Amino acid sequence: MGDGFKIKDCIEKIKEAHFKDQDEERRLCLELLAYSEAHHNAYGVGFAHTYLLDYHISMHDTEGCSPALKTALEFHNSHEFLDLRMQVYNFAGIYYSYIHDDITAFEYFLKSLELAEALGDSFMKYRLYNNIAVSFHNKKDCEMALPYYQRAYDYLKFSHLEGLYAQYQLFLLQNLVNCSIALNAGDLVLEYCKNISRLLDDNPFLREDPSVPWQNAVILAWFGKKKEAYEILKCHLSWEKDPLDATDIIELYPHILVLLLEWKEKELAEKVLESLCFYLERESPQARQEAIDYRIRFYETFGLTECLAGAYEQYYQASKEALGSVAHNQIRAMKEKLESFEVQQKLNRLQKLSYMDSLCDIYNRRYYTEQLERAWKENGSGSLGIIILDIDYFKEYNDYYGHNSGDVVLKKVALCLKEEADDRITPCRYGGDEFCCICENMTPEEMSSYLKDIRGRLETLAVEHVKSQAAGIVTLSAGYSVRTLPELDPQNLFHEADEALYWAKMRGKNRDCCYLTDGKKKALP
């Protein structure tokens, strides 16, 4: 199995575990991270960091989220994997929403949405509008939540997710129904109820979803059919051990509890209350405060005055804890923003030093010089290689086609060098039509393979060059050398690569030559 295939297979397994088994998701991410780092696959590294962040968010692990988010953002700010950056911004929005930093959450949701628009990703747009709606819904602002749920529903229709589509559509329609009920919007409740009915008819397997009977009870109660709603609840609350998982209980039971308190159904209400509080009390301080509030409402409804004094005291203590938690999270968020600002300041200083070639959008000669020195000093036990390339008959190209066309060729060559490079290769523009690549821990054969890939890309582009005596299209000549450190210094290594480039030109151009350690001159095809 090839490296690329193994990484792709691991990525698909992570995507599957993301929906089913968070512990397996984490294990696979760590496996992918180690394998991708060992094989210099940047996309695999980025994917692993992205979904490790997702794992911490899914587990509500705010302490683990903070360093995972920092690592993921630092990685994606220095790589152009826009699909993964989009995911990281979405996960960052969820994290900041969870710690009640709503302004930062919305900033990240909107950044992710901008990328989703650019990439034409309808499913991601559904997720983002849904996440924005949930943020409002959790704060009981259904008036703001409803239009975002509606936008999410519109984008979900264009996502073509087959089996998953129906499940997502059900959850979204249920949220739309609950928002519409809260707003007392009868026409919308009817519309979305009809959509749910059609969805269940078209996808009978959804009737087995545990949320369906509870949602039916809420809908029937809103339409004044208390008897039918009560029978559903009585039937589905006959369990000794609650069959629902924590997520469903926290999502569904508050609606059910409100109905049962309104109907004065003490026995069933107590059963729902205990199950709901069991999970809320294991969540955030805000959730624990919410659990005590439900207990107080239960005691007040059924006249349990002897329980109220203790509950009020618990609520007061929980409120203090919740405020403290919010303050703690806000302080941590401010620290993270300061760290992010300092990182950005460093990046700005780097830009002021002009490390990037403004025409070709790759590193320039100054960066090449400093990076080569760093690689020579820090990579003492590995190998270091240099490739020098220039464009064949580039002066003739400029004279015939004009300097603007010449600039376009320079950009295309730079893009080929950049996109074919892995993490061990640093392409730079040295000056004019000459480029240099620093290659760390690569064999001559690997460097030759990289150059072969670049030639293949140029042949595919087939940029016309009628004045070239090497071919009828734009081509490159290249020379390279590689040494085990600290066998020689970078200056000598450069001279060896430059001499190999001279051999390539003398042999007709449009070829690569390698300066071998025994001093022999050899052209590689």
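See the structure above.
Numbering of residues starts from 1 in each chain and follows the order in which that chain's sequence is written. In view of the model being predicted, local features appear only for residues whose pLDDT reaches at least 70, and side-chain atom pairs are presented and counted only at 80 or more, with totals across whole chains, interfaces and linings using the full set of residues. Side-chain numbers come from the whole structure's heavy atoms, not from hydrogens or water.

Student: Just give me the short version of the pattern of salt bridges, but keep the residues and values in it.
Tutor: Two side chains bearing opposite charge may form a pair once their charged atoms approach each other closely. Throughout this description, the term salt bridge denotes a Lys or Arg side-chain nitrogen within 4 Å of a carboxyl oxygen of Asp or Glu. In this structure the tally under the stated criterion is 21 salt bridges. Across the salt bridge formed by arginine 85 and glutamate 80, the nearest N and O atoms sit 3.5 Å from each other. Judged by its relative accessible area of 13%, arginine 85 falls in the buried class. Classification of residues uses two cut-offs on accessible area relative to the type maximum, computed with a 1.4 Å probe and protein chains only: under 20% is buried, over 50% is exposed, and between them is partly exposed. Judged by relative accessible area, glutamate 80 falls into the exposed class, the value being 60%. In this structure, arginine 366 and glutamate 370 form a salt bridge, with 3.6 Å as the shortest nitrogen-oxygen distance.

Student: Describe unusual backbone geometry, with residues and values.
Tutor: Despite not being glycine, histidine 40 shows a phi value in the positive range, around 55°. Note that histidine 40 resides in the loop between helix H2 (22–38) and helix H3 (42–58). Unlike most non-glycine residues, asparagine 184 shows phi in positive territory, near 55°. As for its position among the elements, asparagine 184 is in the loop between helix H9 (163–182) and helix H10 (186–202). A run of H or I in DSSP counts as a helix once it spans at least four residues, and a run of E counts as a strand once it spans at least two, with each numbered from the N terminus.

Student: Give a description of the packing of H2 against H3 that names residues and reports values.
Tutor: Throughout, an axis means a line fitted to C-alpha atoms (over the contacting stretch in the case of helices), and angles, computed between N-to-C directions, take values from 0 to 180 degrees. As a packed pair, H2 and H3 sit with axes 8 Å apart at the nearest point and diverge in direction by 155°. For the element pair H2 / H3, the angle class is roughly antiparallel. For the pair H2 and H3, the crossing hand works out as left-handed. In this structure, H2 contributes Gln22, Asp23, Glu25, Arg26, Cys29, Leu30, Leu32, Leu33, Ser36 and Glu37 to the contact, and H3 contributes Gly44, Val45, Phe47, Ala48, His49, Tyr51, Leu52, Asp54, Tyr55 and Ser58. Between 65 and 115 degrees an angle is taken as roughly perpendicular, under 35 as roughly parallel, over 145 as roughly antiparallel, and anywhere else as oblique. Crossing handedness is read from the near helix: turned anticlockwise from the far helix by less than a right angle, it gives a left-handed crossing, and turned clockwise, a right-handed one. Contacts were defined at the residue level, with two residues in contact if any of their heavy atoms lie within 4.5 Å.

Taken by themselves, the reported measurements are silent on function.
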